[in-house]
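Listed below, chain by chain, are the residues.
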Amino acid sequence: MAPIVFVFGMFEHTEKLDTILYLHKGIQKAGYKVKTILTRKNETDAEEFLSFPSFMYEKQYSDTDKVFFFNHFIRRIELEEKPDIIVIGLPGEMMPLDEKHNGNFGIFPYLISNAVHCDYAVMKLFHNFYDNTFADKMQEIVRSKFEIDINAFVVSNSILDVTSVSTATLRFYESEKRPTDLPQNYYFNHFDGTGESLCKHLINTLQMFGNYRTV
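How each quantity is defined
Residues numbered from 1 in each chain as written. Predicted model: local features only at pLDDT ≥ 70, side-chain atom pairs only at ≥ 80, totals over all residues. Heavy atoms only, no water. Buried < 20%, exposed > 50% of the residue type's maximum accessible area, 1.4 Å probe, protein only. Helix = DSSP H or I, 4+ residues; strand = E, 2+ residues; numbered from the N terminus. Pairing = 2+ DSSP bridges. Right-handed = clockwise from strand over helix to strand, strands pointing away. Contact = heavy atoms within 4.5 Å. Expected span 1.5 Å × (residues − 1). Phe/Tyr/Trp six-rings, centres within 6.5 Å; stacked < 30°, edge-to-face > 60°. Axes fitted to C-alpha atoms, helices over the stretch in contact; angles between N-to-C directions. Salt bridge = Lys/Arg side-chain N within 4 Å of Asp/Glu carboxyl O.

Re the pairing of strand β6 (residues 152-155)
Reasoning step 1: Side-chain alternation along β6 places Ala152 and Val154 on one buried face and Phe153 and Val155 on a second face that is also buried.
Reasoning step 2: Bridge count between strand β5 (residues 120-125) and β6: four bridges; the pairing is parallel. By the bridge assignment, Lys124 is partnered in β6 with Val154.
Reasoning step 3: With respect to chirality, the unit in which β5 leads through helix α4 (residues 132-146) into the neighbouring parallel β6 is right-handed.
Reasoning step 4: Here β6 pairs with strand β9 (residues 186-188) via three bridges, running parallel. The residue of β9 that forms the bridge with Phe153 is Tyr186.

Quick notes on the environment of Tyr61
Reasoning step 1: Within the element layout of this structure, Tyr61 appears in the loop between β3 (49-50) and α2 (63-81).
Reasoning step 2: The partly exposed category is assigned to Tyr61, whose relative accessible area is 30%.
Reasoning step 3: Counting along the chain gives 12 residues from Tyr61 to Phe49, while the straight-line C-alpha distance between them is 25 Å.
Reasoning step 4: When neighbours within four sequence positions are excluded, Tyr61 is seen to be in contact with Phe55, Lys66 and Phe69.

Some details on α4
Reasoning step 1: The terminal C-alpha atoms of α4, which comprises 15 residues, lie 20 Å apart, in line with the 21 Å expected from a rise of 1.5 Å per residue.
Reasoning step 2: Buried-residue contacts for α4 involve β1 (4-9), α3 (107-115), β5, β6 and β9.
Reasoning step 3: Count one or two residues on from α4 and you reach Glu147, which has phi positive near 55 degrees.

Quick notes on the packing of aromatic side chains
Reasoning step 1: Tallied over the entire structure, the rule returns 11 aromatic pairs.
Reasoning step 2: Pairing Phe8 with Phe146 gives two aromatic rings, centres 6.5 Å apart and planes at 85 degrees, and the pair type is edge-to-face. Note that Phe8 is positioned in strand β1 and Phe146 in helix α4, a separation of 138 residues in sequence. Grouping residues by exposure puts Phe8 and Phe146 together as buried.
Reasoning step 3: Judged by centre distance (6.0 Å) and plane angle (35 degrees), the ring pair of Phe52 and Phe70 falls under tilted. Within this pair, whereas Phe52 is found in the loop between β3 and α2, its partner Phe70 is found in helix α2, the two being separated by 18 residues in sequence. Comparing Phe52 with Phe70 shows no difference in burial state: the two are buried.
Reasoning step 4: Put simply, the rings of Phe52, Phe55, Tyr57, Tyr61, Phe69, Phe70, Phe73 and Phe108 pair up and form one aromatic cluster.

So, the environment of Glu93
Reasoning step 1: Within the element layout of this structure, Glu93 appears in strand β4 (residues 85-93).
Reasoning step 2: It is 9.1 Å that separates the C-alpha atoms of Glu93 and His13, two residues lying 80 residues apart in sequence.

Let's talk about unusual backbone geometry
Reasoning step 1: If you check the backbone angles, Lys82 has positive phi at about 50 degrees while not being a glycine.
Reasoning step 2: By secondary structure assignment, the location of Lys82 is in the loop between α2 and β4.
Reasoning step 3: The phi angle at Glu147 is positive, at roughly 55 degrees, despite the residue not being glycine.
Reasoning step 4: Following the sequence through the fold, Glu147 ends up in the loop between α4 and β6.

Focus on the sheet that holds β4
Reasoning step 1: Strand order across the open sheet formed by seven strands is β3-β2-β4-β1-β5-β6-β9, with parallel pairing between neighbours. Each edge of the open sheet is held by one strand with a lone partner, namely β3 and β9.
Reasoning step 2: Together, β1, β4, β5, β6 and β9 form the strand contacts of helix α5 (residues 198-209), whose direction differs from that of β5 by roughly 155 degrees.

Concerning the pattern of salt bridges
Reasoning step 1: Throughout the structure, instances matching the rule amount to five salt bridges.
Reasoning step 2: For Glu12, the salt bridge goes to Lys16, with nearest N and O atoms at 3.8 Å.
Reasoning step 3: Its relative accessible area of 7% is what places Lys16 among the buried residues.
Reasoning step 4: The salt bridge involving Lys35 is made with Glu81; its shortest N-O contact spans 3.7 Å.

As structure tokens, this is what we get:
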């Protein structure tokens, strides 16, 4: 079976697509065959990319059905396409911000994490949410809710205006400034504080497993 990489965000507007496309290109450049599932349905018809399956949005299917359907969807890709690595972009948010801003209550990550095993997980964060205390909290939530260990945190350019959380509409800003003193396993523009790339870390991590066909 091909190793599976999850890319998910603490909430919407964390620029998941940027990291999904970066990993896809980097894995390809390293010489591996990669198949990538994007975070939205009807997003692309490109051969190497697949849109998020529309059956996951259909109300006539139960959550149990969707778990089985998604498992079969990925298994079919493995059998027919024989990729070395599969990258899956998880729609929506990992968890609600509060009662007012709950997104979809993290339903998609929950269903997908029950459908397939994750071998490497990337968490996208807002530009103003990064420190070891916050990382430890995120790890704890993800382990208990999804039974997944986060391998890398990626700080996006998107800043959540925390004063807008108490209002009906969230506000976001952009920053190109590199955060100072990034903790270990934190990446900005897909490089950590030592200059190592996220893609290199991913491939090195998968290689340590030692039981995959190509990686």
